[in-house]
Amino acid sequence: MNDVPRSFRGNSNAARDIAHHLHPYTNFKKHEQTGPLTIVRGRGIYVVDDDGKEYIEGMAGLWSAALGFSNERLATVAYEQMKQLPFYHAFNQRSHEPAINLAEKLKAMAPVPMSKVFFANSGSEANDTVVKMVWYMNNALGRPQKKKIISRIKGYHGITVAAGSLTGLPTNHRSFDLPIAGILHTSCPHYYRFGKDGETEEQFATRCAEELEQLIIAEGPDTVAAMIAEPVMGAGGVIVPPKGYYEKIQAVCRKYDMLFVADEVICGFGRTGNVWGCQTMNIQPDILTCAKALSASFLPISAVMVNEKVYQALMSESDKIGTWGHGFTYSGHPVAAAVALEAQKIYDETDLFGHAKRMSPAFTKHIQSFADHPLVGEAMSVGLVGALEVVADKKTKTPFDLATVGAGLRVANHAQARGLFVRNMGDRVAICPPLIINEAELADLFGRLRQSLDATLADLRSDGHFKG
Ligand SMILES: Cc1ncc(COP(=O)(O)O)c(C=O)c1O
């Protein structure tokens, strides 16, 4: 019994969690040994664990809690909606006001004219829906061979079977027998890592577009239906493509009569300094998916917006077959939709997107202040999302060995010890705070992060991993 950590004994949260709870994105063996970190409450940008320790949530949870972790208005709206109509569905032409209002609001906000809004519960479900829409649409258009969808290496679009296939990260495929057939991955637009010696950012962007075109030609243009991209890549390591990249990529898609799908699950609702990442990155999508900050993450809900061209095809095929045989019990769930609509009202009334834009220069300044840190190879950000890449040698960009050194994880662990959550994706350390964050809180966040990097540097020196 003595070798069982105190918190795992008896009926503690940790012991019960280990006994009963199968976690997402977790090494189960490690979890048995070290147990969970249990969060019990939140306020503003802070969350508190069951030992009473407070953390700055520097990742807004999962890039999502735009309003932080407390909001009376959202709680009240959920309560009122539950009293009035706790559940109703939208199958077979049924509807309810929260879904109607939210669809209308999203269309009014869209970065390009959109025709209709379909609701789901998660980013993965939204992107899975897109895959099926693209297939259904091309059957409707009488080109059943035009079905392949291109995403990017390091892109993240979720984990369900089709969305997980779109995702371009090895851990989402390995041992899951993914990707499924017909999903292709093109180059990752990360100049720091994949730009060649002597290549300008512009030349790199051109090469990415050429590689996309080569892939399409190799596959046969009449078999390729669409491309999906996050305007700014999130889980792949916060990658902001070089200027001009999307103009070139979209031109290729247009040339081969492909749809362009923007995955705004992270970027949507102010994260990149505009309402949509599409506006920041000059993207004109045919289909747009969003989730996360749609409801400030207070309840699960996601949306797929389609333009008139896509809608017309879906409409004719559903008429031919008799129905669009797709939908979730909770598509447009009234409580989630009411909360999402209220979140949007709060964003408007408090000018949250304007606030995020105004905080962006301070955020950028903090991120860039790390550029000359001995461990930081790249410091990158846009709006209120950024990342630091930790490297063994700044000049040669040589990475640390991930498995034996785990430098990025060390930074995240040191940050956690200092009451700050950031997320390491390999050796890229991401920062994506709630959009409500103010300048003093930003200074506090980045102060803790600097201490964490310095502590990591001291560790790596004493372990003999870092010679600089
Ligand atoms: C860009 C993007 N798309 C899709 C998803 C999947 O969303 P969910 O986890 O809600 O299924 C995520 C999740 O992080 C994401 O970042």
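I will try to describe carefully the structure that is included in this document.

The rules behind each value
- Residues numbered from 1 in each chain as written.
- Predicted model: local features only at pLDDT ≥ 70, side-chain atom pairs only at ≥ 80, totals over all residues.
- Heavy atoms only, no water.
- Helix = DSSP H or I, 4+ residues; strand = E, 2+ residues; numbered from the N terminus.
- Buried < 20%, exposed > 50% of the residue type's maximum accessible area, 1.4 Å probe, protein only.
- Axes fitted to C-alpha atoms, helices over the stretch in contact; angles between N-to-C directions.
- Parallel < 35°, antiparallel > 145°, perpendicular 65-115°, else oblique.
- Left-handed = near helix turned anticlockwise from the far one by under 90°.
- Contact = heavy atoms within 4.5 Å.
- Nonpolar A, V, L, I, M, F, W, Y, C, P; charged D, E, K, R; others polar.
- Expected span 1.5 Å × (residues − 1).
- Arc of directions from axis to C-beta.
- Salt bridge = Lys/Arg side-chain N within 4 Å of Asp/Glu carboxyl O.
- Pairing = 2+ DSSP bridges.

**Comments concerning unusual backbone geometry**
Stage number 1. The step from Leu-178 to Pro-179 runs through a cis peptide bond, and the omega angle for that step is 5 degrees.
Stage number 2. Residue position: Pro-179 is located in the loop between α7 (161-166) and β6 (183-186).
Stage number 3. Despite not being glycine, Gln-93 has its phi angle at roughly 70 degrees, a positive value.
Stage number 4. The residue Gln-93 is located in the loop between α4 (72-84) and α5 (97-109) in this model.
Stage number 5. A relative accessible area of 83% means that Gln-93 is categorised as exposed.
Stage number 6. Phi at Lys-154 is positive, roughly 75 degrees, even though this residue is not glycine.

**With respect to the packing of α4 against helix α13 (residues 334-349)**
Stage number 1. Between α4 and α13, whose axes approach to 9 Å, the crossing angle comes to 150 degrees. Compared by their axis directions, α4 and α13 come out roughly antiparallel. Where α4 crosses over α13, the handedness of that crossing is right-handed. Facing α4, whose interface residues are Arg-73, Leu-74, Val-77, Ala-78, Gln-81 and Met-82, α13 presents Pro-334, Val-335, Ala-338, Val-339, Glu-342, Ala-343, Lys-345, Ile-346 and Glu-349.
Stage number 2. Counted by class, the contact of α4 with α13 contains 10 nonpolar, 1 polar and 4 charged residues.

**A word on α4**
Stage number 1. Given a rise of 1.5 Å per residue, 13 residues ought to cover 18 Å, and the 18 Å separating the end C-alpha atoms of α4 matches this to within 8%.
Stage number 2. Among the residues making up α4, those that are buried are Leu-74, Val-77, Ala-78 and Gln-81. One face of α4 carries all of its buried residues, which in axial projection span an arc of 100 degrees. Facing away from the buried side of α4 by over 90 degrees, the exposed positions are Glu-72, Tyr-79 and Lys-83.
Stage number 3. At its buried positions, α4 is contacted by α5 and α13.

**Quick word on the pattern of salt bridges**
Stage number 1. For the structure on display, the rule yields 18 salt bridges.
Stage number 2. Across the pair Arg-207 and Glu-199 runs a salt bridge whose closest N-O atoms are separated by 2.7 Å. Glu-199 shares its class with Arg-207; the two are buried.
Stage number 3. One salt bridge connects Lys-320 with Glu-317, and the closest N-O pair in it is separated by 3.7 Å. Here Lys-320 pairs with Glu-317, and both are found in helix α12 (residues 308-321), just 3 residues apart, close to one helical turn.
Stage number 4. The exposed category is assigned to Lys-320, whose relative accessible area is 65%.
Stage number 5. The exposure class assigned to Glu-317 is buried, which follows from its relative accessible area of 8%.
Stage number 6. The structure contains a network of salt bridges with shared partners spanning Arg-73, Glu-342, Lys-345 and Glu-349.

**Points about the sheet that holds β6**
Stage number 1. Sheet architecture is open: 7 strands sit in the order β4-β10-β9-β8-β7-β5-β6, paired in mixed fashion. At either end of the open sheet lies a strand with only one pairing partner, and these are β4 (116-120) and β6. Taken over all neighbouring pairs, the strand axes of this sheet differ in orientation by 20 degrees on average, direction set aside.
Stage number 2. Here strand β9 (residues 287-290) runs beside strand β10 (residues 302-306); their pairing, made up of 4 bridges, is antiparallel. By the bridge assignment for β10, Ile-287 is matched with Val-306.
Stage number 3. Running over the sheet, α12 touches β4, β8 (259-263), β9 and β10 and is turned about 95 degrees from β10.

**Structural notes on the sheet that holds strand β11 (residues 376-382)**
Either a parallel or an antiparallel arrangement is found when strands of a sheet pair, and the pairing is made through backbone hydrogen bonds.
Stage number 1. One open sheet accounts for 4 strands, arranged β11-β12-β15-β14; its pairing is antiparallel. Of all strands in the sheet, those with a lone pairing partner are β11 and β14 (423-425), marking the two edges. Strand-to-strand twist of the sheet, defined as the mean angle between neighbouring strand axes without regard to direction, takes the value 20 degrees.
Stage number 2. Here 4 bridges tie strand β12 (residues 385-390) to strand β15 (residues 428-431), and the two strands are oriented antiparallel to one another. By the bridge assignment, Glu-389 is partnered in β15 with Arg-428.
Stage number 3. Against the sheet, helix α14 (residues 352-368) makes contact with β11, β12 and β15, and its axis sits at roughly 175 degrees relative to β11, the strand it touches most.
Stage number 4. The strands touched by helix α15 (residues 407-417) within the sheet are β12, β14 and β15, with β14 carrying the most contacts at an inclination of about 175 degrees.

**Considering the packing of α5 against α13**
Stage number 1. Two elements in contact, α5 and α13, have axes separated by 8 Å at closest approach and are oriented at 40 degrees. Comparing their axes, α13 and α5 come out oblique. In this structure, α5 meets α13 at a crossing whose hand is left-handed. For the pair formed by α5 and α13, the contact residues are Pro-98, Ala-99, Asn-101, Leu-102, Lys-105 and Met-109 on the first element and Pro-334, Ala-337, Ala-338, Ala-340, Leu-341, Gln-344 and Asp-348 on the second.

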